[in-house]
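# A look at the structure
Listed here are the chains, written in short residue letters.
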Amino acid sequence: TTCRGCLLTGKVESQTHILSQCGATYGDRTRRHNKVVNILDNAARQKGHRTLMEPHFPATETHGALRPDLLITANDTTYIGEVTGPYENNDCMKSAAQTKINKYQPILDAVAIKTGANNAVIKPFIITCRGGWDKNNEPLLQSIGVGKTYIRRSVIEQILISNAFIHRNFMRNF
């Protein structure tokens, strides 16, 4: 069946579409994303690291304006913790991570300068729209000294709770 909630003609209304692509759920999906960013931010700050949420990097000749989700400075390195919740398919996590790396590569030097770090590293944080965990999230957590079990449990729990609200709100409206 064609989705009742968005204007994308021909899109099939499915749980995955509602949770990851539907225009009618954009606001709720943004809130879900921001809750995951807040979990990472709080964990990093509790470990004594400096964080910056959504700092602005102006456009240059090589890239448009960019605003990474979270910068975490630990020791002499700043990690660009970019959260993304891709649509689930065979290569979604790998593809989403590479997209984030390509997007933020041009500002690595600017990030290091802004945070006073010796270098900057891009560490995408991938959690699929239904709570699938990417094992490549773990190097970021190790780098900032945060236990993966706590973060994984907190993030997946938040995704599942948020998804229940997203789906409920969608069904109430249509």
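To continue, consider the layout of surface pockets. Gaps left between atoms show up when a probe the size of a water molecule is rolled over them. In this structure, the largest pocket occupies an estimated 520 Å³ of space. Along its surface, the largest pocket is lined by 27 residues, and Arg-29, Thr-30, His-33, Val-83 and Thr-84 are the ones closest to its centre. For the lining of the largest pocket, the secondary structure elements donating two or more residues are helix H1 (15-20), helix H2 (26-46), strand E3 (77-84) and helix H3 (92-104). Per element, the largest residue contribution to the lining of the largest pocket is seven residues, and it comes from H2.

Moving on, we come to the pairing of strand E2 (residues 70-74). By the criterion of burial, E2 is predominantly enclosed, with five of the five residues buried. Across the two faces of E2 the burial is the same, with Leu-70, Ile-72 and Ala-74 and Leu-71 and Thr-73 all buried. Where strand E1 (residues 50-53) lies against E2, four bridges are found, and the strand directions are antiparallel. Residue pairing across strands places Arg-50 opposite Thr-73, the latter belonging to E2. Here E2 runs beside E3; their pairing, made up of five bridges, is antiparallel. Residue pairing in the sheet places Thr-73 in a bridge with Thr-78 of E3. Here E2 hands over to E3 after two residues, with Asn-75 in that stretch at a positive phi of 60 degrees.

Another aspect to go through is the nonpolar core. By size, the foremost hydrophobic cluster in this structure holds 21 residues, and its most contacted members are Leu-40, Phe-125, Trp-133, Leu-141, Ile-144, Ile-151 and Val-155. Contributing elements (two or more residues each) for this core: H2, E2, E3, helix H5 (138-143) and helix H6 (148-173). The leading source of residues in this core is H2, at six residues. When residues no more than four places from it in sequence are discounted, the contact partners of Leu-40 are Leu-70, Val-83, Phe-125, Leu-141 and Ile-151. Leu-66, Tyr-104, Leu-108 and Ala-112 belong to the second largest nonpolar core, which has eleven residues in total.

Conventions we followed
- Residues numbered from 1 in each chain as written.
- Predicted model: local features only at pLDDT ≥ 70, side-chain atom pairs only at ≥ 80, totals over all residues.
- Heavy atoms only, no water.
- 1 Å grid on protein atoms, 1.4 Å probe; cavity = no way out; pocket = protein on both sides within 12 Å on 5 of 7 lines; lining within 4 Å.
- Points joined across faces, edges and corners; volume = space filled by probe spheres on them.
- Helix = DSSP H or I, 4+ residues; strand = E, 2+ residues; numbered from the N terminus.
- Buried < 20%, exposed > 50% of the residue type's maximum accessible area, 1.4 Å probe, protein only.
- Pairing = 2+ DSSP bridges.
- Core = buried A, V, L, I, M, F, W, Y, C linked by side-chain atoms within 4.5 Å.
- Contact = heavy atoms within 4.5 Å.

These figures come from the coordinates and say nothing about function on their own.
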